[in-house]
Amino acid sequence: MASMILGWTLNDMTTAMGLGNTDHFLHLRQQALREALRDLVEAVNSRLAAPHDVGVWLMCQQDSFTDLHDPVVVGAPMVFGGRIPEVLWYLAPNEHVDGMPSPTTLASLHEVMSTVNGEGPGTLPAPTVHLSGWHAEADNLGVLLGRKQA
């Protein structure tokens, strides 16, 4: 299993919002990292008022443990449930894959981009596809940090 999220890295999002970058996260220990991520996710969610299908996702690289140093993405799952049996199956949709992102998901992502670009000091590029590890699922970061996602 793997996950595909259409969206932006947390670093791109916070930079465009004027919240700084996430480079310093690489040097934080687990508890300090958890607290810093919690504060940053809360700051992003409070500024976005994002539609319900856009959230903050930890793009796990392994399925054996949760590592908060794994990439973090703000966006929406690309396929139903955000889970696909094999990443490459998405390139040739079949009965295991529920096709392209829905029009409501695309509208939600456009709304997020418009909000940030209209209110932030920076600019978000068009959303891109982000992959979890080959045998790992993206996790809802808000839940991992004890916060409900917007």
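Structure: see above.
Residues numbered from 1 in each chain as written. Predicted model: local features only at pLDDT ≥ 70, side-chain atom pairs only at ≥ 80, totals over all residues. Heavy atoms only, no water.

### Quick word on the overall build of the protein chain
For clarity, the cut-off: Going along the chain from the N terminus, every DSSP run of H or I of four or more residues is numbered as a helix, and every run of E of two or more is numbered as a strand. Throughout, exposure labels follow a simple rule: accessible area from a 1.4 Å probe, protein chains only, divided by the maximum for the residue type, with under 20% read as buried, over 50% as exposed, and the rest as partly exposed. Note on areas: Shrake-Rupley, 1.4 Å probe, and residue coverage restricted to the protein chains presented here.
Counting secondary structure elements, the protein chain contains four helices and five strands. Starting at the N terminus, the α and β elements of the protein chain follow one another as β-α-α-β-β-α-β-β-α. Buried positions account for 45% of the 150 residues belonging to the protein chain. Of the roughly 7,900 Å² that the protein chain leaves accessible, carbon and sulfur atoms contribute 57%.

### A closer look at the sheet that holds strand β5 (residues 139–140)
For clarity, the threshold we go by: Two strands qualify as a pair provided DSSP detects at least 2 bridges between them.
Pairing is antiparallel across the open sheet formed by five strands, whose spatial order is β4-β1-β3-β2-β5. Of all the strands in the sheet, the pair left with one neighbour each is β4 (128–131) and β5. Examined bridge by bridge, strand β1 (residues 4–9) and β4 share four bridges and lie antiparallel to one another. Of the residues in β4, the one forming a bridge with Ile-5 is His-130.

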